[in-house]
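If you want the building blocks of each chain, they are given just below.
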Amino acid sequence: MAVVKSATLRCGIIFLCLILGTWTGIYLQRYPATSAIFANVVDFAIDIKQVDLVMIKVAFMFALKLNLGTLIGGIAGIWASR
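Residues numbered from 1 in each chain as written. Predicted model: local features only at pLDDT ≥ 70, side-chain atom pairs only at ≥ 80, totals over all residues. Heavy atoms only, no water.

Caption draft 1: Focus on the overall build of the protein. Counting secondary structure elements, the protein contains three helices and two strands. Across the protein, helices and strands are ordered from the amino to the carboxyl terminus as α-α-β-β-α. Rg of the C-alpha trace for the protein: 17 Å, well past the compact-globule value of 12 Å for 82 residues, more than 25% over. Taken along the three principal axes of its C-alpha coordinates, the protein extends 60 × 40 × 15 Å. Expressed as a percentage of its 82 residues, the buried residues of the protein come to 16%. Taking the intrachain contacts of the protein between residues at least 6 apart in sequence as the baseline, contacts between residues at least 24 apart amount to 57%. (Helix = DSSP H or I, 4+ residues; strand = E, 2+ residues; numbered from the N terminus. Rg over C-alpha atoms; globule rule 2.2 N^0.38 Å. Buried < 20%, exposed > 50% of the residue type's maximum accessible area, 1.4 Å probe, protein only. Contact = heavy atoms within 4.5 Å.)

Caption draft 2: Quick look at the side chain of threonine 70. Tracing the backbone through its elements, the reader meets threonine 70 in helix H3 (residues 68-81). With near-sequence residues (within four places) excluded, threonine 70 lies in contact with Leu18, Gly21, Thr22 and Lys65.

Caption draft 3: Examining the packing of aromatic side chains more closely. Per the stated rule, a full pass over the model turns up one aromatic pair. Seen in terms of ring centroids, tyrosine 27 and tyrosine 31 are 5.6 Å apart; in terms of plane orientation they differ by 75°. Their pairing is edge-to-face. Exposure remark for tyrosine 27: the relative accessible area of 43% places this residue in the partly exposed category. Exposure remark for tyrosine 31: the relative accessible area of 39% places this residue in the partly exposed category. (Phe/Tyr/Trp six-rings, centres within 6.5 Å; stacked < 30°, edge-to-face > 60°.)

Caption draft 4: Local environment of the pairing of strand E1 (residues 42-53). By the bridge criterion, ten bridges tie E1 to strand E2 (residues 56-66) in an arrangement that is antiparallel. Following the sheet pairing, aspartate 43 is matched in E2 by lysine 65. Taken together, E1 and the strand that follows it, E2, pair antiparallel across an intervening segment of two residues, in which valine 54 is found at a positive phi of about 55°. (Pairing = 2+ DSSP bridges.)

Caption draft 5: Main features of the pattern of salt bridges. For the structure on display, the rule yields two salt bridges. The salt bridge involving lysine 65 is made with aspartate 43; its shortest N-O contact spans 3.3 Å. With lysine 65 in strand E2 and aspartate 43 in strand E1, the pair connects residues that are 22 residues apart, well separated along the chain. The partner of lysine 49 in a salt bridge is aspartate 47, with the nearest N and O atoms 3.1 Å apart. Accessibility expressed as a relative area gives 66% for lysine 49, which makes it exposed. (Salt bridge = Lys/Arg side-chain N within 4 Å of Asp/Glu carboxyl O.)

Quick look at the structure:
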């Protein structure tokens, strides 16, 4: 029996756990004992510094980091949403 009945809420819980797991993994990379375990598997970034269109200036950055904390957070999110 599912505790969370809404599909939107279920996806939100999983997404929140993925973000919290990634942040925890990035935090644990600071310590020598856990840095090798929580190393980034995917480290991807797109950075457009500035686009000047006479009347407006636009900047854009997208970065993606995946590590063991992301995987643990995803599993915890799936478990919590059931």
